[in-house]
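Structural overview for review
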Amino acid sequence: MKAVERRNATFQQWQALLTNRSKRQSSGELLVQGVRPITLAAAAGVPFVSLLFDGRPRPSSWAAELMASGLAPVVRVAPSLLAELGERSDGPPEVLAVVRRPSDSVDRLPSVAAPLVVAFDRPSSPGNVGSLVRSADALGAHAVVVTGHAADPWDPQAVRASTGSVFTIPVLRLPGPAPLLSWAASAGATVVGTDESGTVSLPDAPLAGPVVVVIGNETTGMSRAWRDACDVVARIPMTGGASSLNAAAAGAVVLYEALRQRS
């Protein structure tokens, strides 16, 4: 078993995967923290590069089985260094994983009779991206596509917020709406935008068939390109003093309505 006991070049590469989006992009790898995200990544068949282990003499049954599975080489890492990589103040995690980042190809989008795809337009918060992916997974969406200049869905904060759902449904990053709109046209999907000034109340929006639901940026809403592409712009009925919802919360409401209609 290889060992990393100090801040050598290998450790610095792992550390860069936590903090440097460009390094994640160029290497095609990401660092995964947490039992559930690692377990879901393994179950989804995501290629593993390394398992980083703190070297404790009696690992849990989960860690022991994972390391014995042959998923990837195991590297023993000094506990203080592993605690840094795990971003933990209460001691090191047992295991972290370095995995290959899934592809951004639209070929990963679903081939089902009535696809439900969420487009998140230029989100600025990785936490919101992860939260929306988690809701999409829980409420029956088939994929999430992050478009435009946006937070990275493979940022550790996004992966944690998704509780691993980034590995259970396709999550793609695209530079703009065009590739997804081309896919939507071929799938016969209706593009339903969301905005507080929408002309259709959410319960009346057509969400039962093939559909792309567009959630806009947290501050500025949908871009002009997405707004122009929408077949329908729906609003969420609200009471009280709030004029809008957090983007991830709004997405969850829309997805629940889609699930209701599809049921």
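Residues numbered from 1 in each chain as written. Predicted model: local features only at pLDDT ≥ 70, side-chain atom pairs only at ≥ 80, totals over all residues. Heavy atoms only, no water.

If you check an unreviewed UniProt entry, the protein appears there as rRNA methyltransferase from Jiangella anatolica.

Our focus in this paragraph is the overall build of the protein. Helix and strand counts for the protein stand at ten helices and twelve strands. Taken over C-alpha atoms, the radius of gyration comes to 20 Å for the protein, in line with the 18 Å a tight globule of 263 residues would show. With respect to the principal axes defined by its C-alpha atoms, the protein has extents near 60 × 40 × 30 Å. Taking all 263 residues of the protein together, the buried fraction comes to 50%. For the protein, the share of sequence-separated contacts (at least 6 apart) that also reach a separation of at least 24 residues comes to 77%. Of the accessible surface of the protein, which amounts to about 11700 Å², a share of 51% is contributed by carbon and sulfur atoms. Averaging the locations of the 23 positively and 21 negatively charged side chains of the protein gives two centres separated by 5 Å. (Helix = DSSP H or I, 4+ residues; strand = E, 2+ residues; numbered from the N terminus. Rg over C-alpha atoms; globule rule 2.2 N^0.38 Å. Buried < 20%, exposed > 50% of the residue type's maximum accessible area, 1.4 Å probe, protein only. Contact = heavy atoms within 4.5 Å. Areas by Shrake-Rupley, 256 points an atom, 1.4 Å probe, with all protein chains shown as cover. Lys, Arg positive; Asp, Glu negative; His and termini not counted. Charge placed at Lys NZ, Arg CZ, Asp CG, Glu CD.)

Let's shift gears to the domain arrangement of the protein. Often, the extent of an interface is quoted as the loss of accessible area on bringing the components together. The domain architecture assigned to the protein consists of domain 1 (3-100) and domain 2 (106-262). Here domain 1 and domain 2 have C-alpha centroids that lie 30 Å from each other. Contact with domain 1, which involves 16 residues of that partner, is made by 14 residues of domain 2. Roughly 1200 Å² of surface becomes buried between domain 1 and domain 2 when both sides are summed, with 56% attributable to carbon and sulfur atoms. At the boundary of domain 1 with domain 2, the tally comes to three salt bridges. Between Arg160 and Glu87 there is a salt bridge, with the nearest N and O atoms lying 2.9 Å from each other. Our count for the domain 1 to domain 2 interface comes out at five residue pairs in polar contact (both at pLDDT 80 or more). (Domains from an automatic or database assignment. Buried area = accessible area lost by both parts, 1.4 Å probe. Salt bridge = Lys/Arg side-chain N within 4 Å of Asp/Glu carboxyl O. Polar contact = N/O pair within 3.5 Å; in protein donor to acceptor, adjacent residues only side chain to side chain.)

This part takes up the pattern of salt bridges. One pass over the structure, following the stated rule, counts 14 salt bridges. Across the pair Arg173 and Asp152 runs a salt bridge, and its minimum N-O distance is 2.9 Å. With Arg173 in strand β8 (residues 171-174) and Asp152 in the loop between β7 (143-147) and α7 (156-161), this pair connects stretches of sequence that are 21 residues apart. With relative accessibility at 12%, the residue Arg173 sits in the buried group.

Among all positions in helix α1 (residues 9-19), only Phe11, Trp14, Ala16, Leu17 and Leu18 are buried. The residue sitting at the N-terminus of α1 and contributing the capping side-chain oxygen is Asn8; that oxygen lies 3.2 Å from the backbone nitrogen of Thr10.

Quick look at the pairing of strand β3 (residues 48-53) now. When you tally the buried positions in β3, you get five out of six residues, the bulk of the element. Relative to strand β5 (residues 95-100), β3 runs antiparallel, the two being bridged by five bridges. What sits directly across from Phe48, in β5, is Val99. In the sheet, β3 pairs with strand β4 (residues 74-77) via three bridges, with the strands oriented parallel. Within the sheet, the bridge partner assigned to Leu51 lies in β4 and is Val74. (Pairing = 2+ DSSP bridges.)

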